[in-house]
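# Understanding the architecture of this molecule
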Amino acid sequence: MTTLPSQPSRTRPRAQLVMMLLDTAAPLALFYGLRWAGVNQWLALILSGALPVVTISYRLITERRLGLLAVFTLTILAAGTAIGFVTGDPRLLLARESYLTGLVGVWIILTLWFSRPFILSATLPLLPEKTARSWEHDWEHDPTFRRVMRIMTIAWGTAFLLDAAARIVMAYTLPIDLVPLLSVLLLVAMLLVIVQASKAYGRRLMAKQESEENSQQRKRW
């Protein structure tokens, strides 16, 4: 996705919840349900890995468009699945997810050269309209705000790259049946840490700027 809309559409919380469940909980539940039913590891990974197609189909129906990010995700999953069919190696299927998160990390960092960095474009649709307009104003006129957005974007990209590396290590060193659960827990933990760290950094930097502005005003008086 190389171009980002200047006025992002608001994303409904219920739709976000549906997407999150389909992207994480549903594949995990299907994998362990199949394993409990006696399906072998390779086939269980193949079948549970097909669920993102359902997610993308849902988005296609509701949004009536298929974005480049969806095409990108499908391409990675299809390539990894095809290789898995050829080799029959379940560990290769587990490592497939690391390629996706790694490329997402690279893409996030590359958005630093777009008209807006990832963190700004991803956050604006989630904000109340008034707050979103304030953020857009700050992006255009406040260098400190732009610096916060860019540093947060770098942090998010780096986190996804680290997540990808950890997934590869887990895929080839841990018991296969344990990796899908640990991969989801790793992603959740990584997102919680990076979200809280981003908020803390943003608040601290903006508070520092406000303090400096107040100090300058007092000097003028």
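Definitions and limits used
Residues numbered from 1 in each chain as written. Predicted model: local features only at pLDDT ≥ 70, side-chain atom pairs only at ≥ 80, totals over all residues. Heavy atoms only, no water. Patch = residues over 30% accessible without salt bridge, like charges linked within 9 Å, V, L, I, M, F, W, Y side chains within 5 Å. Areas by Shrake-Rupley, 256 points an atom, 1.4 Å probe, with all protein chains shown as cover. Salt bridge = Lys/Arg side-chain N within 4 Å of Asp/Glu carboxyl O. Helix = DSSP H or I, 4+ residues; strand = E, 2+ residues; numbered from the N terminus. Buried < 20%, exposed > 50% of the residue type's maximum accessible area, 1.4 Å probe, protein only. Polar contact = N/O pair within 3.5 Å; in protein donor to acceptor, adjacent residues only side chain to side chain. UniProt positions renumbered as here; feature names shortened; annotations may be inferred. Expected span 1.5 Å × (residues − 1). Contact = heavy atoms within 4.5 Å.

Moving on, we come to a nonpolar patch on the surface. Nonpolar side chains collect at one region of the surface, where Val106, Leu110, Trp113 and Leu161 lie side by side and expose about 420 Å² of accessible area between them. Of note, Val106 is situated in helix H5 (residues 90-110).

This next bit is on helix H2 (residues 41-48). Buried within H2 we find Ala44, Leu45, Ile46 and Ser48. Structurally, the start of H2 carries an N-cap: the backbone nitrogen of Trp42 is 3.2 Å from a side-chain oxygen of Asn40.

A word on the UniProt feature "transmembrane region" (unreviewed entry) in the protein chain. As recorded in UniProt, the sites labelled "transmembrane region" (unreviewed entry) are residues 17-36, 42-61, 68-87, 99-127, 148-172 and 178-198. End C-alpha atoms of residues 148-172 are separated by 37 Å, and the span's content is 100% helix alongside 0% strand. End C-alpha to end C-alpha, residues 178-198 measures 30 Å, and it is 95% helix and 0% strand.

Attention now goes to helix H8 (residues 143-173). Here H8 spans 45 Å end to end across 31 residues, near enough to the 45 Å set by a 1.5 Å rise per residue. Its side-chain oxygen at 3.0 Å from the backbone nitrogen of Thr144, Asp142 defines the N-terminal cap of H8.

Time to look at the environment of Ala164. By secondary structure assignment, the location of Ala164 is in helix H8. Exposure remark for Ala164: the relative accessible area of 7% places this residue in the buried category. Considering only alpha carbons, one finds Ala164 and Arg96, 68 residues apart in sequence, at a separation of 9.6 Å. In this view, Ala164 contacts Ser98, Thr101 and Gly102; residues no more than four positions away in its chain are not counted.

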